[in-house]
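What follows is each chain in one-letter form.
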Amino acid sequence: MNSRRTDWIWFGALWVLLTAIGEFLALGLDLLPARWAHEADVVDEAYILLLALSVPIFAGVAAALLVSLLRFRVQVDGLPTEDGPPVHTNRRVVRLWLASTLTLALMVTVNPGFIGLAELRGEPSADLVVEVQAQRWSWKVTYPDGAETWNQLYLPADRRVRFDITALDILHSFWIPAFRVKIDAVPGRTTHLYVTPEGAGSFDDDFNLRVQCAEICGLGHSNMAMPVTVLDADEFDAWLTDLAEGA
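All residue numbers refer to positions counted from 1 along the written sequence of the respective chain. Residue-level local features of this predicted model are given only where pLDDT is at least 70; pairs of side-chain atoms are given and counted only at 80 or more, and the full residue set underlies all totals for whole chains, interfaces and linings. For the side-chain quantities, the full set of heavy atoms in the structure was used; hydrogens and water were omitted.

Overview of the side chain of N208
As for its placement among the helices and strands, N208 is situated in the loop between β8 (191-195) and β9 (210-213). Burial status follows relative accessibility: with a 1.4 Å probe on protein chains alone, a residue under 20% of its type maximum counts as buried, one over 50% as exposed, and anything between as partly exposed. The class for N208 is buried, based on a relative accessible area of 12%. Residues are treated as being in contact if the distance between any of their heavy atoms lies within 4.5 Å. With near-sequence residues (within four places) excluded, N208 lies in contact with P33, I176, P177 and A178. Helix and strand labels come from DSSP, where a helix needs a run of H or I of at least four residues and a strand needs a run of E of at least two; each type is numbered from the N terminus.

Structure below.
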């Protein structure tokens, strides 16, 4: 009995230690890329929450493995000649494990599941509609009044943008790492994506401010990138007017 109690004490101590280290790394260090959109904030918050919730589970499994390796290792030279004594199921541990993991699964289904998806999608309204057409191996962007750019995307800060995305040839993927959003560009179909950029910046400031095709689409797939420039709202309006007038 004393030996079993000692094993549980070692397990508990290792579990607490590993959990503390893991939570510090998950919550105390900012290891994620810079965020340039409201949607990026939502995605990162969900990611950090899931990471923090998973740390105690991983720490528990790791602690159990370490205790088993140290406590039940072979104490004599050479290989063991027979199996060790059987270890019977601990019903309390099994019930506690099932109850805790079921509760955790239900929690993450609600938040960040349903709640996060609702916040990420937001209202189906936009201040600006931008049409994006993908083809091997380039992007065509069409703004209001028919203004167009090729392989360059300009957006206003603090305005909700709706992307209407399609493809001419094969399946592509519209992905902006700095915004944490991605959706397929499908031939013969228009997909929609909403984004609210935050703060002015460009690809020169952060290489994640780019549109990157995330579906392997042929030999030029790796080159199918489009720099993104986020301008202040007034600067964007002036830029768009000049572009529409052919300046």
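Digging into the sheet that holds strand β10 (residues 225-231)
Backbone hydrogen bonds are what pair the strands of a sheet, in a parallel or an antiparallel way. Read from one edge of the open sheet, five strands run β4-β10-β9-β6-β7, paired in mixed fashion. Here the strands that pair on one side only, and so sit at the sheet edges, are β4 (153-156) and β7 (181-185). In this sheet, neighbouring strand axes are inclined to one another by 25° on average, regardless of whether the strands run parallel or antiparallel. Whether two strands pair depends on DSSP finding at least two bridges between them. Of the pairings in the sheet, the one linking strand β6 (residues 172-176) to β9 comprises two bridges and is antiparallel in character. Axes here mean lines fitted to C-alpha atoms, for a helix over just the part in contact, with angles spanning 0 to 180 degrees between N-to-C directions.

Details of helix α3 (residues 91-121)
The span expected for a helix works out to 1.5 Å for each residue beyond the first. The first and last C-alpha atoms of α3 sit 43 Å apart over 31 residues, in line with the 45 Å expected at 1.5 Å per residue. At V108, α3 is deflected by roughly 25°, the largest bend along its length, and proline P112 occurs up to four residues later in sequence. Every buried residue belonging to α3 is among L104, P112, G113 and G116, and all of these are buried. The secondary structure elements touched by the buried residues of α3 are α2 (38-71). Just beyond α3, the residue with positive phi is G122, at close to 65°. One axis fitted to the seven residues ending at a residue, another fitted to the seven starting there: the angle between these axes is the bend at that residue.

Some points on the pairing of β6
Two faces, one strand: in a regular strand the side chains alternate between the faces of the sheet. Most of β6 is tucked away, with four of its five residues classed as buried. Inspection of the sheet shows β6 paired to β7 by five bridges, in the antiparallel sense. Of the residues in β7, the one forming a bridge with S173 is D184. Here β6 folds back onto β7, and the loop between the two strands holds four residues, one of which, R180, carries a positive phi near 60°.

Re the nonpolar core
Ranked by internal contacts, the top residues of the largest apolar core, which has 38 residues, are V130, W139, Y143, L153, F163, F174 and F179. Setting aside residues no more than four positions away along its own chain, Y143 makes contact with V130, T149, Q152, L153, Y154, F236, W239, L240 and L243. In plain words, nonpolar cores are sets of buried Ala, Val, Leu, Ile, Met, Phe, Trp, Tyr and Cys residues tied together by side-chain atoms within 4.5 Å.

Remarks on unusual backbone geometry
Residue N111 is joined to P112 through a cis peptide bond whose omega torsion reads 15°. R136 connects to W137 through a cis peptide bond whose omega is -5°. You can see W137 is positioned in the loop between β1 (128-135) and β2 (138-142). Residues other than glycine seldom take positive phi values, yet D145 does so here, at roughly 70°. Relative to the helices and strands, D145 is located in the loop between β2 and β3 (148-150). Look at N151: it is not a glycine, yet its phi comes out positive at around 55°. Take N151: it is sitting in the loop between β3 and β4.

Regarding the sheet that holds β8
Strand order in this open sheet of five strands is β3-β2-β1-β5-β8, and the pairing throughout is mixed. Unpaired on one side and paired on the other, β3 and β8 mark the two borders of the sheet. Strand-to-strand twist across the sheet, computed as the mean angle between neighbouring axes with direction ignored, equals 25°. Bridge analysis of strand β5 (residues 161-167) against β8 gives five bridges, and the strand direction is antiparallel. Each residue of the ladder has a partner; that of I165, found in β8, is T191.

That is the geometry; function is a separate question.
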